[in-house]
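Here is how the chains run, residue by residue.
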Amino acid sequence: MDLAGRGRPIISIYALIPVTVINILSNFFFIDIFGIIGAAWSTSISLALGAVIFIFLYSKEVKISLWNIIKPLKSDWEFISHIFKIKGR
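Reading guide: rules and limits
Note that residues are indexed from 1 along each chain, following the sequence as it is written. Only residues with pLDDT of at least 70 are given local features in this predicted model, and only at 80 or more are side-chain atom pairs given and counted; all residues enter the totals for whole chains, interfaces and linings. Note that water and hydrogens are dropped before the side-chain values are worked out from all heavy atoms of the structure. Whenever a carboxyl oxygen of Asp or Glu lies within 4 Å of a side-chain nitrogen of Lys or Arg, that contact is scored as a salt bridge. Burial classes follow relative accessibility: with a 1.4 Å probe on protein chains only, a residue under 20% of its type's maximum area counts as buried, one over 50% as exposed, and anything between as partly exposed. Here a strand is any run of E in DSSP of at least two residues, a helix any run of H or I of at least four, and the numbering for each starts at the N terminus. Without a salt bridge and with relative accessible area above 30%, a residue can belong to a patch; like charges are then joined within 9 Å and nonpolar side chains (Val, Leu, Ile, Met, Phe, Trp, Tyr) within 5 Å. Residue-level accessible areas treat just the shown protein chains as cover; the underlying method is Shrake-Rupley with a 1.4 Å probe. Note on aromatic contacts: the rings of Phe and Tyr and the six-membered ring of Trp form a pair at centre separations within 6.5 Å, being stacked when their planes are under 30 degrees apart, edge-to-face when over 60 apart, and tilted otherwise. Simply put, an axis is a line fit to the C-alpha atoms, just over the touching stretch for a helix, and the angle between two N-to-C directions goes from 0 to 180 degrees. An angle counts as roughly parallel when it lies under 35 degrees, as roughly antiparallel when it exceeds 145, as roughly perpendicular when it falls between 65 and 115, and as oblique in every other case. By convention the crossing between two helices is left-handed if the near helix lies anticlockwise of the far one by an angle smaller than a right angle, and right-handed if it lies clockwise. Only Asp, Glu, Lys and Arg are considered charged in this grouping, and only Ala, Val, Leu, Ile, Met, Phe, Trp, Tyr, Cys and Pro are considered nonpolar; every other residue, Gly among them, is considered polar. Two N or O atoms form a polar contact when they lie within 3.5 Å of each other; inside protein one atom must be a possible hydrogen donor and the other a possible acceptor, and for residues adjacent in sequence the pair counts only when both atoms belong to side chains.

K.L.:
Is there a simple way to explain the pattern of salt bridges in this structure?
P.N.:
A side chain with one charge can pair with a side chain of the opposite charge if their charged atoms come near. Taken as a whole, this structure holds two salt bridges when the rule is applied. Two residues, D2 and R6, come together in a salt bridge whose shortest N-O distance is 2.9 Å. For D2, a relative accessible area of 34% puts it in the partly exposed group. A residue is classified by how much of its surface remains accessible, and R6, at 48% relative accessible area, is partly exposed. For E61, the salt bridge is made with R8, and the minimal N-O distance between the two is 3.2 Å. Placement of the pair is E61 in helix α3 (residues 36-62) and R8 in the loop between α1 (2-5) and α2 (10-34), with a sequence separation of 53 residues. The exposure class of E61 is partly exposed, given its relative accessible area of 27%. By relative accessible area, which is 32% here, R8 ends up partly exposed.

Okay, structure coming up:
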């Protein structure tokens with residue numbers, strides 16, 4: 001959504017084209033061997049690769065280092081701890 005707001009939604013498409021090709025090709029291989037579990041593995045692998053490609057392209061587009069994108073901040077952990085905090089204690 002950030003890239004679309006910046007007027008650059010095409011970056012997402014650049015990341016999704018190889019993911020789609022990898023998913024289709026790996027489905028032929030994995031489904032023949034492992035059936036429905038192979039389809040799940042194929043999709044999981046291609047989407048994980050797509051996430052890596054997208055983060056790389058996003059980093060280049062907005063000129064932020066990869067480390068600053070993936071590095072958790074203290075505020076992230078505080079948010080998570082508030083989510084899992086048991087109310088009433």
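Next comes the rest of the write-up.
K.L.:
Is there a simple way to think about a nonpolar patch on the surface in this case?
P.N.:
The grouping of I10, I13, Y14, I17, V21, I24, L25 and F28 at the surface amounts to a nonpolar patch, some 800 Å² of accessible area in total. Following the sequence through the fold, V21 ends up in helix α2. We classify V21 as partly exposed; its relative accessible area is 45%.

K.L.:
I tried to follow the packing of aromatic side chains on my own but got confused; where do I start?
P.N.:
By convention here, two paired aromatic rings are described through the distance between centres and the angle between planes. One pass over the structure, following the stated rule, counts three aromatic pairs. Judged by centre distance (6.2 Å) and plane angle (25°), the rings of F54 and Y58 are stacked. Within this pair, F54 and its partner Y58 are both found in helix α3, separated by four residues, close to a single helical turn. Residue F54 is classed as partly exposed on the basis of its relative accessible area of 30%.

K.L.:
I keep staring at the packing of α2 against α3 and nothing clicks. Help me out?
P.N.:
Between two packed helices, the angle of one axis relative to the other and the distance separating the axes together describe the packing. Interaxial distance between α2 and α3 falls to 8 Å at its minimum, and their mutual angle equals 160°. When the axes of α2 and α3 are compared, the pair comes out roughly antiparallel. For the crossing formed where α2 meets α3, the hand is right-handed. Along the lines of polarity and charge, the residues of the contact of α2 with α3 split into 18 nonpolar, nine polar and one charged.

K.L.:
Would you take a moment to explain the side chain of S26 for this structure?
P.N.:
Relative to the elements of secondary structure, S26 occurs in helix α2. In terms of polar contacts, S26 uses its side chain to reach the side chain of S42, at 2.5 Å.

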